[in-house]
Structures are given as structure tokens and as C-alpha cells.
Amino acid sequence: MLDCIPYNNMRMLGAHRYNDMLEIRLEKGFQRIIPVDGQSIRVMYSLEPIRDEAGCKPCITELPPYADWNYTENDDHILLKMPELQVRMDKKTNSFQYFDGQGKLLLKEREKRSKELESFPVYGLVKGKAEKEYIETADGVKEVIKDAVKVQTGSAYRTRLHFEFGEDEAVYGLGQHEEGYHSARGNCIYLNQANRTIAIPVFVSEKGYGIFVNTCSPSIFSDTAEGTYFYTEADSEMDFFFMNGCSMDGVVREFRKITGKAAMLPKWAFGYIQSQERYETQDEILEVAGQYREKGIGLDCIVLDWISWPDGQWGQKSFDKNRFPDPDEMTDKLHDEHVHFMISIWPNMDNSTDDVKAFSEADLLLPGINIYNALDKKARELYWKQAREGLFVHGIDAWWCDNSEPVCPEWMRQVRPENAANYAEYCRSVANHIPAPYMNAFGLYHAMGIYEGQRASGTQKRVCNLTRSGYPGQQRYGTILWSGDISASWDTFRKQIAAGLNFCASGMPYWTTDIGAFFVKNGVQWYWNGDYDLGAEDPAYCELFTRWYQWGAFLPVFRGHGTDVRRELWNFDHKAAPFYEALVEANRRRYELMPYIYSTAGNVHVNDGLIMRPLVFGFTDDPNVKDIFDQYLFGDALMVCPVADPMYFGNETGKSHTRKVYLPAGCDWYDYYTDVKFAGGQWIETDAPLDKIPLFVKAGSIIPRTEAALSVEELSNDITLHIYPGSDGHFTMYEDAGDGYGYENGDYELTEFTWNDAAGELLENGNASGRRVVLHK
């Protein structure tokens, strides 16, 4: 018979406290427990001694030592105690159980072999030894490695952390996935960056705890017959944070403490942003902005998509002088009308450009490809220097860092690959260019370079960077993430709502989508699969666009963009129905609510909040909300209920113009439009005509509004407070102060409003002069 070798790898041999860390020696390996504060810990595990510098990773900020903890030890286990977290570590198996401060179980790791490491060699390309081919895609021509000579550059671990969730426990987050997952339970979710995927290795439980896996490599969350675990592809050690937030919002606050505060976006970024694939000339941009002003429609930013550069010079960071003869004049005229200007820039550059030649001469390109090496500080500085000298000096207000994955192999396929096959292909192809332990983090480094470069340039403009690939820590750099080049259908629309909610549940605050979808028609490529070949001539698409636009007005960032169909609102002035009027009304509503929206954004920076949250974040005690992902909270007061089914065109069921809405238990609710009050904990049918998105206000809320205007800068300072009685309420209104550059140094003013429901009295603390109060009873 074969001999069984006993598995004792995880048996603890000893533990001691060292520099506010708990060091544990294992039979085969080393483990480090680092308390972050009274409710979160960092766990690091390696087969080799853990170096102090191993903790220096781009996702996290420098954390001060925390000393208010102790541990006890007996023959069976070690018990780590902190004010809001206790961790019981089995000395035989090294499996952990996590409890809150009162001893209530939050999560268990698998009883045996809960932490697994597998070492493997890491290889890199030998310079000049790669055979390439060039493939035309919707994102331009891509360089692809066909064959290459590689050499071992080091080693890494594949890691796997196993858990045992509660039977009915729901967990959320893990970034943005176009499949439209609700809870991640029961799914296998691949976390690799892609055009339509944003990988964020964070999940939060309805129990009020979360796990952030501190990896920059691709990873997999699995809760299937194959097991319940989190797997990472290539790391120097297993490294994760367990966060007891004591609530789901508390987990977000802990995540931000670890990865950094969200930068405050410029106020105009919360107005309407008009984009199009693509505006081709200086005159066209000025004409479109002028039409918005002539028609009296709110507009705060217009976007120049790709090919601002001279013909044939993809990625060159300079204007084509034939189409943009005087960019300074263009931006000056836009600024005179309170319209800001965003420009698309790319990390890949054609081999004929001056920009790529500068990178090549300095050896600052990624191996085997014409993409700059954003992981290198010198490369980031050179990239910013080119962007500043070629573009920023001409009055650019914001960046659109497109293609920041920056390698997306499925976009070069004729048929869409399965998720598992695509993940494997991503790991193979990206590793040709980016070290395996950092394959998912290019976008983080790319955003870092733009932010640090602009902040060091002396400008008072806040950084605003629309980008397609995100990662933990990227919120520090003024980034807005969007959901990629999606296709137009009602099914896509519904799934986008869930995708955005899980992205925000991952702790990331600023998200948007291409209103009406990027692709509208049905093309040859697998991803160009919209349902509307007639575009805006088809009233069925106009209805979809209208409902999408209404939803967009209640996203953190409000932005229209796409191809196949012009996206300016007047293109939807259709005789079949008043689509255009409904769009203008949605635009006005966004601007009317700007005091509420901007104050909610202030809370994002100051108090580590979110603008957009799943209902379960606010109503954890109501089991009915766990799987509702077509309604959500917009700030603390508003519940948004998008209409995600056709009611007028393409509707074969004869459905009425109403929408079924669930009102969460625990409070009363008001219809935003009629002020009719409803008890919580029930389903209702509410009117949903073409010109309205159903909105409800939580009783006890205070919502400031103002008169709509053509831009954020032109909004009146006269604020009307709308009070919704039913319980005591509170609202903090944030306004810019000082130089307006950011909120990091308290560069804001706030006014505290408190509603005493029993007395019917509004209390005010701060600068609220000239404001009117409207009571709704």
C-alpha cells in the first residue's frame, strides 16, 4: 500500500507580538496578523519569511500602528481580541473564525486547509524576441504576441482562501460584471479586467463584514460545487483584510481607511456630460455646445472621443491642426458658456508617433507592445509631460483615459469566449507584458500618474478622470469608472443597474454608463449586438434611450455616449411619442437636485460614503430587499426605481404604464411627485408614464432643491428645503469654499439641518442665509 504523508503544514509552532503585529510560525510557513484598528485585521501568509516591505502594495495607504489589542493562547487555539472584532485561530489547522466584539459569529474559514499556496515560476519576454501580429478591433489596431522567447524572472504563489458562509447569507461587490449578478452566492465570478468588466477583489456581507483581498493579480470568487473560496493567480504571499464594519456602510468606511479616501470631483462633473463617438472637429464641438445653450438644456461638459491626434498617429497626445486649428480658442469659448472640455487619451501609441519614440528611447514601454509602462514612475512622469505639453495647456478640464485595461483578448475574437476560457486567455496574454502579480493593476497606476501629474502642475482644477478599468485605491485619484462598450437592449439595461450597484458595493463611489448603450445596431462582431438597426428612427429604441437617460440622471455621474446613433437629446424628437420632452424633463430634474447630489458627493469624501447603494445597505433587517436590484438608494433619502421594461413600443404584453415597487420596511415613504405617503414593508403599483422615473423619499428626510439651470455654475444660491415628516431627520449640506480645489484640507462649508418631527421644527447650524423652507406634510 502507498504511504500516507501526514498533513501538518498549517500546525502552529509558536506566536509572539512584534511591533504591534502577531507573528505566527507554522510547521511549513509564516503568518502575520496586523490589527488595522478596533474592527479590522490584515492577514499575511507565506511559505517564506514575510519581509516588512512585502506590505507595500499600490492598493493600500500607509496605515498607522494600532496597539489596542491583546491575545490569549491555550492548547487548542489563539484568540485575538479587539474592541469590535475577535478572531479564533485553531492551532492544529490554522483555520480562523471571526466574531464581532460581543462574540457573535460572522464568518468561518473552512475547517481544514483553509489557506493554500502553490509556488510556480514567473516568466517574462526576452527583449526583441517576440513575433507579433496586428489585429483591427473596435478599439483600434492591437499588437498581439504570436510567439516569444521567455526567461524566468522570479516566482509567485497561487493562493486560495476557503470560507463557510451562513446558509442564507448574501454577499455583494466584486466590482462590475455585465452578467448582472445580485448576490455573489452560488456563482463563479472571474476578476480579470476587460472592456465590460471591472475587477475589484472586495465583497461585503449583509452581516456587516467584508473581505478585501490585497492582490493585483487576476482572481476568482467561487461559491459553487467546486467549493467556496477566493483564488488569486500570482502573489508574493496570501494577503487579505477582514473588516467588521458593524454595518455594510461601515465596511465601506473600513475599506476607504485601508485604501484611501475618495478624491472630491469638480462640482461641474455632477452636471450633464455629453459625449459621442465621435465629434470630429473644433467647429462641431462648439456647434453642439451652442445648440444645448440655444435649446435651454443643461450641459456641463462636452467630450472629444478618440482621434484628436493627427491622422495615422494613434495615441499621440497632440491635436490635429487641420481639424482643431485653435484649441485654446475652442476651450475659451466653451468656458465662456460654462461648458467644460474632456478629451480621450490612450496608453497605446502608434509606432510612428513622436510620443512612442520618446518612450522607446527611454526604455519605458511594456515588453513586446506599444503601451507605456505605467508601473514605472518615470514612465508615468513622461506620459504626464506629454499630456500636459500637448493637451492640458490648451484648457483641458478632464481626462478620458480609455482602454486602461489595457489588454483585452476577447475583443479580438470572432465569437465571445466562455468566461473561464477568457480568464485563462487573459492571464496568458497579459503576462507577456505585465508582471503576473500586477496584471490587474495597470489602470490604477495609469490613474495615479494622471492625478499626481496634474496635482503637481500648479493648477487649481480638481482632477477628473473617466476611465474604464478600476482597482482598489483608484478612488484616491479622481476617477470615474464606466461600464464599457455595452449593446442596446432591455436585458442589458436591467443588468447594468445590478452591475453598477455591485461596483459601488465594492466601496468605489463614482460610476456611470453609456446612456442608451454604446452599440445600438447588430453588427458582425460578437460585441456589436444591439437590437435596433434603425437607431433613433425606431420609437422602440427612443423609449429605451429615454428610460436609460432617466436612470442616468440618478447615477453618480450623468453621461451620454455611444456610436451608431447621435446622442444629443434633440435627435430623439420623434412624432411617435414625446421622448424629447421627457429627456429634457429628466435633465432639469438632475439640476434641480444638485444641492442634494453635491452634498451626497461631499459625504463620499468626508465620511467615506456612497452615492448609489443597494437597498440592503440601508435596510439590512428587511429580508425582502436582499435580491432587489432594480431599485436602489441614491444618497440617504431617495429611492430610485428605474423603468427597465418597455411600456409603449415593443411591448407585446399590453403592460400598463405602471411599475411594481417595493417600499422597504422600517419607515414610511413619500411619492416624490405627489407627496402621497405610504407605509413601508409593502409592494405597490406606481405610475410610470414616459416622462417620469418612479422616485420615493424616506420619511424623515430633508432634501434641498434649487431652480434648474443650464450648468452647475449658473445654479441659484436660493435653496428650497423639502421636509418629509414621519421621523426625526438630518441633512448635511456641503458647499465649496476657499480655492475650490478639493476637500482634503477642509476646503468646504457645511450647514447642518435637523428636523424635529414631534415639534414640527427645523433646526439649522451653519450658513443658510437666504434659503426658503417648504414643509411637506
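Please refer to the structure placed before this passage.
Residues numbered from 1 in each chain as written. Predicted model: local features only at pLDDT ≥ 70, side-chain atom pairs only at ≥ 80, totals over all residues. Heavy atoms only, no water.

J.: Where do I start with the state of the cysteines in this structure?
T.: A disulfide bridge is the covalent bond that connects two cysteines by way of their sulfur atoms. Summed over the entire model, instances satisfying the criterion amount to 0 disulfides. No disulfide involves Cys504; its nearest neighbouring cysteine sulfur is the one of Cys464, lying 16 Å away. Sulfur of Cys667: no disulfide; nearest cysteine sulfur belongs to Cys641 and is 13 Å away. What makes Cys667 buried here is its relative accessible area of 15%. (Disulfide = S-S within 2.5 Å. Buried < 20%, exposed > 50% of the residue type's maximum accessible area, 1.4 Å probe, protein only.)

J.: I would appreciate a short explanation of the packing of aromatic side chains in the present structure.
T.: Any pair of aromatic rings gets described here by the distance separating the centres and the angle formed by the planes. The full count for this structure, using the stated rule, is 60 aromatic pairs. Consider the rings of Trp411 and Trp526, whose centres lie 5.5 Å apart with planes at 80°: the pair is edge-to-face. In this pair, Trp411 sits in the loop between strand E22 (398–401) and helix H6 (419–430) while Trp526 sits in the loop between strand E25 (511–512) and helix H9 (539–552), placing the two residues 115 residues apart along the sequence. No difference in accessibility class separates Trp411 from Trp526, as the two residues are buried. (Phe/Tyr/Trp six-rings, centres within 6.5 Å; stacked < 30°, edge-to-face > 60°. Helix = DSSP H or I, 4+ residues; strand = E, 2+ residues; numbered from the N terminus.)

J.: What is the right way to read helix H8 (residues 490–505) from this model?
T.: Here H8 is 16 residues long and its end C-alpha atoms lie 23 Å apart, about the 22 Å a rise of 1.5 Å per residue gives. Within H8, 13 of the 16 residues are buried, which leaves it mostly tucked inside the rest of the structure. Positive backbone phi, at 95°, marks Gly507, one or two positions downstream of H8. (Expected span 1.5 Å × (residues − 1).)

J.: Is there a simple way to think about empty space enclosed by the protein in this case?
T.: Leftover empty space is mapped by rolling, across the atoms, a probe with the size of a water molecule. Here the structure, examined in full by the defined rule, presents 7 cavities of 30 Å³ or more. A volume near 210 Å³ is recorded for the largest cavity. Residue lining of the largest cavity: 17 residues in total, with Glu179, Thr197, Arg416, Asn419 and Asn422 positioned closest to the centre. For the lining of the largest cavity, the secondary structure elements donating two or more residues are strand E13 (188–191) and H6. Of the residues in the lining of the largest cavity, the class split is 7 nonpolar, 5 polar and 5 charged. Of the volumes computed, that of the second largest cavity is approximately 80 Å³. As for the second largest cavity, its lining consists of 13 residues, and the residues nearest its centre are Asp139, Asp305, Asp402, Asp485 and Phe518. Among the residues making up the lining of the second largest cavity, the classes are represented as 6 nonpolar, 1 polar and 6 charged. (1 Å grid on protein atoms, 1.4 Å probe; cavity = no way out; pocket = protein on both sides within 12 Å on 5 of 7 lines; lining within 4 Å. Points joined across faces, edges and corners; volume = space filled by probe spheres on them. Nonpolar A, V, L, I, M, F, W, Y, C, P; charged D, E, K, R; others polar.)

J.: Quick question: what am I supposed to make of the pairing of strand E39 (residues 761–765) here?
T.: Moving residue by residue along a regular strand, the side chains alternate between the two faces of the sheet. Here strand E38 (residues 748–756) pairs with E39 via 5 bridges, running antiparallel. Bridging across to E39, Asn756 finds its partner in Glu761. A loop of 4 residues connects E38 with E39, the two strands running antiparallel in sequence, and Gly760 in this loop sits at a positive phi of about 60°. (Pairing = 2+ DSSP bridges.)

J.: Quick question: what am I supposed to make of the pairing of E22 here?
T.: Taking every second residue as pointing to the same face, both faces of E22 are buried, with Ala398 and Trp400 on one and Trp399 and Cys401 on the other. Pairing geometry for E22 and strand E23 (residues 465–467), over 3 bridges, is parallel. Following the sheet pairing, Cys401 is matched in E23 by Thr467.

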